[in-house]
Amino acid sequence: MSTSQYYYSQATVSQKALSNDTFKFLVSTDNHLGYKETHSIRKNDSFDAFEEVLQKAKDLNVDFLLLGGDLFHDLNPSQESLYKCLKILKEKIFGDKQIDYETFWEDQAPNYSNENMNISLPIFIIHGNHDYPSNEYGNLSTLDLLHAGNYVKLLSFSLYFPYKSP
Amino acid sequence: MKPILFHKKGTKIALYGLGHIKDVRLHYLLQNNKIKFSPPEENPHSYFHILVLHQNRYKGMKNWSLKNCIHAKMLPSFLNLIIWAHEHESLPDIEQSAETPAYIYQPGSSVATSLIEAECKEKHAGLFTFRKNEFYFEPVWLKLSARSLIFKQIELSSLLKKKQGSSGDDLQEEVEKFLEGEIEGILGDFAKKSQESIEKNEKNEKKEKKEKVPLVRLKIEYSGFDIIRIQRLEAKFKGRVANEGYFLYFIEFFGLNCIFLLLHFIWKLLHFREILKFWKKKQEVDEQALQKNENLTTRFSECFRNKSSFNTLGSESLNDIRSMVKILIKN
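Model, not experiment: these values are computed from the prediction. Counting starts from 1 at the beginning of each chain's written sequence and moves along it residue by residue. Whichever chain is written first is A, and whichever ligand is written first is 1; the rest continue in order. Owing to the predicted nature of the model, reporting of local features is limited to residues with pLDDT of at least 70; listing and counting of side-chain atom pairs is limited to 80 or more, with chain, interface and lining totals taken over all residues. Note: side-chain values were computed over all heavy atoms of the structure, leaving out hydrogens and water.

Quick word on the overall build of chain B
Numbering of helices and strands runs from the N terminus; a helix is a DSSP stretch of H or I covering at least four residues, while a strand is a stretch of E covering at least two. When helices and strands are tallied, chain B shows nine helices and 11 strands. The contact definition used throughout considers only heavy atoms, calling two residues in contact when any of these lie within 4.5 Å. Expressed as a percentage of contacts within chain B between residues at least 6 apart in sequence, the contacts between residues at least 24 apart total 64%. Each accessible area is a Shrake-Rupley result for a 1.4 Å probe, and residues are judged covered by the shown protein chains and nothing else. Accessible surface, chain B: about 18,400 Å² in total, of which carbon and sulfur atoms supply 52%.

Okay, here's the thing in structure tokens:
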């Protein structure tokens, strides 16, 4: 750590005390949407948890959200789980918050730079083992669908096939 | 592999994302340095480098092979923070290890997908705040949507010692009563805890959260018993437990009837892996060795019960016993 300028301070500081000069992001993984959706009691567990993560990200005024993969439990999720997921995303992502920071990305542009969409919570995600782009479905996964719809931005660099442009 | 760069008021972050690949292949690629990480050329030290991974993590010698997972030391050393996805256990702290200069963070899943002990802990998401050159970490607990998981291990052999002479049906009834008592105890404790938390929330004038029905998992070792019928028990707890139908999980204790306490303890240590039978699929070595020597275990037990002495076993079987013990102790 001597080479880098950044150090980790373990003092606990309340969020109100920190001024506006901070850069914040929230990390969450393995949401497994659609797990046990046929079970009468445990149907909505995964969706509730995902909704809570997004709600907290919105409340804490976070600059972006980082998801670590495995968003969907199945390679080919049911229509119900896709519908619920898109509904949750629609409620939480859009807003009038201005984005203070700049991003530089070689191949493509981030979420919020699209002029026609008003996004206040950019989300970045990578492929997990449950939503892997496989040959059976034309090298696409459901995360690619969300990427194409500009809800979410795919970060992952895949070594099997080169990354596709949007 | 090229990162996204972020600039904001003094802090600069470079974020690398690596999607899931078969662990063996990635292990090979990283060892032979075939992946090029290309950090920004201008001032690489002024950036804070973060890598997000979705692979298996090395968890110690017991149940894990060396090549099927990824070690932190194989990743390049200019990274400052490594975030491990794919592991469901939630560890709410940033770790430092001797292998890399980087910090490691494992947020864990937001939903419990399998009913194991590691998923009993409360779920959280990690909040990182950067202010110029410092950064802080805070776990954000996911309390509103959490469904608690209660895990308990039980041994039925303790019942055996108390009542040795009873016959089949009586034993079944006693076992059912015992298990029922255990589960009711668990649910009672849970109800008490939820009431206390509701009272606390009322004092602080927070929103009332409806406690969800818990998930319960009992891991039971049954040696000397036949298969026990679960259906009556499950019907009793229908509305009160969330994972109905499969919350009693039976594991066979290697099919031996050990009477003495000391030997029971020694057998437990030697056959610790056998207790966790559902992990047996990954270790094919054990199955092969045990298939060869089917008579070993009976002969071994006879020795302990003083029915035959070690001299009659023979050198071959003794060597087989030694190899078996070595395999068990290694893993």
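With respect to the overall build of chain A
What chain A contains, in helices and strands, is three helices and six strands. Tracing chain A from N to C terminus, the helices and strands come up as β-β-α-β-α-β-β-α-β. For chain A, the proportion of its 166 residues judged to be buried stands at 51%. Put simply, of all contacts in chain A between residues at least 6 apart along the chain, 71% involve residues at least 24 apart. A total accessible area of about 8,100 Å² is found for chain A, and carbon and sulfur atoms account for 48% of it. Burial classes follow relative accessibility: with a 1.4 Å probe on protein chains only, a residue under 20% of its type's maximum area counts as buried, one over 50% as exposed, and anything between as partly exposed.

Topic: the nonpolar core
In these notes, a set of buried Ala, Val, Leu, Ile, Met, Phe, Trp, Tyr and Cys residues joined through side-chain atoms within 4.5 Å is what counts as a nonpolar core. Among the nonpolar cores identified, the biggest contains 29 residues, and Leu26(A), Phe50(A), Leu54(A), Leu65(A), Leu71(A), Leu89(A) and Ile123(A) are the most heavily contacted of them. Of all elements in the fold, only α1 (45–59), β3 (64–67), α2 (79–93), β5 (123–125) and α3 (142–148) of chain A together with β7 (124–131) of chain B reach the threshold of two or more residues within this core. The element that contributes the greatest number of residues to this core is α1(A), accounting for five residues. Membership of the second largest hydrophobic core comes to 23 residues, among which are Ile126(A), Ile83(B), Tyr103(B) and Phe128(B).

Remarks on α1(A)
Residue and element names in this part refer to chain A. Over its 15 residues, α1 extends 21 Å from the first C-alpha to the last, a length consistent with the 21 Å expected when each residue adds 1.5 Å. Restricting attention to buried positions, one finds in α1 the residues Asp-45, Ser-46, Phe-47, Ala-49, Phe-50, Glu-52, Val-53, Leu-54 and Ala-57. Looking one or two places after α1, you find Asn-61, whose phi comes out positive at around 60 degrees. Take the number of residues in a helix, subtract one, and multiply by 1.5 Å to get its expected span.

What about the pattern of salt bridges?
Each reported salt bridge corresponds to a side-chain nitrogen of Lys or Arg within 4 Å of a carboxyl oxygen of Asp or Glu. According to the stated counting rule, one finds six salt bridges over all chains in the structure shown. Here Lys92(A) ties to Glu51(A) by a salt bridge, and the two come within 4.0 Å at their closest N and O atoms. Here Lys92(A), found in helix α2, pairs with Glu51(A), found in helix α1; they are 41 residues apart in sequence, far enough to count as distant. The class for Lys92(A) is buried, based on a relative accessible area of 8%. The residue Arg57(B) makes a salt bridge to Glu95(B) at a minimum N-O spacing of 3.0 Å. With Arg57(B) in the loop between β3 (48–53) and β4 (81–84) and Glu95(B) in strand β5 (residues 91–96), the pair connects residues that are 38 residues apart, well separated along the chain. Residue Glu95(B) is classed as partly exposed on the basis of its relative accessible area of 26%.

Comments concerning the confidence of the model for chain A
Residues and elements named next belong to chain A. Averaged over chain A, the pLDDT score is 76; the fraction of residues at 70 or greater is 70%. pLDDT is a residue-level measure of predictor confidence that goes from 0 to 100. Confidence, expressed as mean pLDDT per element, reaches its minimum in chain A at strand β1 (residues 7–8) with 66 and its maximum at α1 with 90. Within the model, pLDDT remains below 50 along residues 158–166, and this stretch shows 18 contacts once partners closer than five positions in the same chain are excluded.

Brief notes about the packing of α1(A) against α2(A)
All names here are of chain A. Between α1 and α2, the least distance of the axes is 10 Å, while the angle of their chain directions is 15 degrees. As judged from the angle between their axes, α1 and α2 are roughly parallel. Crossing of α1 against α2: the hand is right-handed. Contacts between α1 and α2 involve Phe-47, Phe-50, Glu-51, Leu-54, Gln-55 and Lys-58 on the former and, on the latter, Ser-81, Lys-84, Cys-85, Ile-88, Leu-89, Glu-91 and Lys-92. Note on residue classes: Ala, Val, Leu, Ile, Met, Phe, Trp, Tyr, Cys and Pro are nonpolar, Asp, Glu, Lys and Arg are charged, and everything else, Gly too, is polar. The residue inventory of the contact of α1 with α2, partitioned by class, reads six nonpolar, two polar and five charged. Orientation is described by axes fitted as lines to C-alpha atoms, over the contacting stretch for helices, and by angles from 0 to 180 degrees between their N-to-C directions. For this classification, under 35 degrees means roughly parallel, over 145 means roughly antiparallel, 65 to 115 means roughly perpendicular, and everything else is oblique. Note on convention: near helix rotated counterclockwise from far helix by under a right angle means a left-handed crossing. Clockwise means right-handed.

What to know about the packing of aromatic side chains
Aromatic pairing here means that ring centres of Phe, Tyr or Trp (its six-membered ring) are within 6.5 Å. Orientation follows from the plane angle: under 30 degrees is stacked, over 60 is edge-to-face, and everything else is tilted. In the structure shown here, the tally under the stated rule is 14 aromatic pairs over all chains. Measuring from centroid to centroid gives 5.3 Å for Phe25(A) and Phe128(B), while their planes differ by 15 degrees, and the two rings are stacked. Of this pair, Phe25(A) sits in strand β2 (residues 23–28) while Phe128(B) sits in strand β7, which puts the two residues in different chains. The residues Phe25(A) and Phe128(B) share a single accessibility class, namely buried. With a centroid separation of 5.5 Å and 80 degrees between ring planes, the pair formed by Tyr105(B) and Phe128(B) is classed as edge-to-face. Separated by 23 residues along the polypeptide, Tyr105(B) in strand β6 (residues 103–106) and Phe128(B) in strand β7 bring together distant segments of the chain. Residue Tyr105(B) shares its accessibility class with Phe128(B), and that shared class is buried. Here the aromatic cluster, defined as three or more aromatic residues joined through ring pairs, consists of Phe23(A), Phe25(A), Phe64(A), Phe124(A), Phe48(B), Tyr103(B), Tyr105(B), Phe128(B), Phe130(B), Phe135(B) and Phe137(B).

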